[in-house]
Amino acid sequence: MTAPRRLLLVNGPNLNLLGTREPDIYGTATLADVERIASEAAHAHGFELRAVQSNHEGILLDAIHAAREDCAGIVINPGGLTHTSVVLRDALSGVSLPVAEVHISDVTAREEFRHHSYVRDVAIVHVVGEGVRGYATAVDRLVRVITGQSDG
């Protein structure tokens, strides 16, 4: 059986507000722009991309659980759940898929509470502070890991 050629892109709470939410921090690109950037990066490697965004943790968990059926890896920007959600971390760990964590801003240069990530220890790729282009970086690096071209 061949490995699936699909990635799941997960965007957490408030990322639907990209383009209008704090543009001095997050820029003016929209969620649609993010999904296009990630999709183009995936397609460049011969992968499909399925995207989900929700402000509801359970919807994100269900999407992560479903990914084990037909995805080779997960790219995730958990938004504020990064710093609060043990269940999101457990879902990512539980599906045993490689994970890339991405953040538009440099969370390590922001408020102290943003410095801790529950996702960090289950992700094999970490991209912070590259703006929305960081999604393409995360996809590129994750695909290299999945295809055995890099160790992360």
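Up top you'll find the structure we're talking about.
Residues numbered from 1 in each chain as written. Predicted model: local features only at pLDDT ≥ 70, side-chain atom pairs only at ≥ 80, totals over all residues. Heavy atoms only, no water.

Some words on the nonpolar core
Okay, so step 1: Among the nonpolar cores identified, the biggest contains 28 residues, and Leu7, Val75, Ile104, Tyr135 and Val139 are the most heavily contacted of them.
Okay, so step 2: For this core, the secondary-structure elements that each account for two or more residues are strand 1 (6–11), helix 2 (31–44), strand 4 (99–103), strand 5 (125–128) and helix 5 (134–146).
Okay, so step 3: In terms of residue count, the dominant contributor to this core is helix 5 (7 residues).
Okay, so step 4: Of all hydrophobic cores here, the second largest spans 21 residues; its members include Val52, Ile64, Ile74 and Val119. (Core = buried A, V, L, I, M, F, W, Y, C linked by side-chain atoms within 4.5 Å. Buried < 20%, exposed > 50% of the residue type's maximum accessible area, 1.4 Å probe, protein only. Helix = DSSP H or I, 4+ residues; strand = E, 2+ residues; numbered from the N terminus.)

Focus on helix 5
Since the α-helix turns once every 3.6 residues, residues separated by three or four places project in the same direction.
Okay, so step 1: Taking 1.5 Å per residue as the helical rise, helix 5 with its 13 residues ought to reach 18 Å, and the 18 Å between its terminal C-alpha atoms agrees with that figure.
Okay, so step 2: Along helix 5, the positions that sit buried rather than exposed are Gly134, Tyr135, Ala136, Ala138, Val139, Leu142, Val143 and Val145.
Okay, so step 3: Packed against the buried residues of helix 5 are strand 1, helix 2, strand 3 (73–77), strand 4 and strand 5.
Okay, so step 4: Gly148 occupies a position one or two residues after helix 5 and carries a positive phi of about 80 degrees. (Expected span 1.5 Å × (residues − 1). Contact = heavy atoms within 4.5 Å.)

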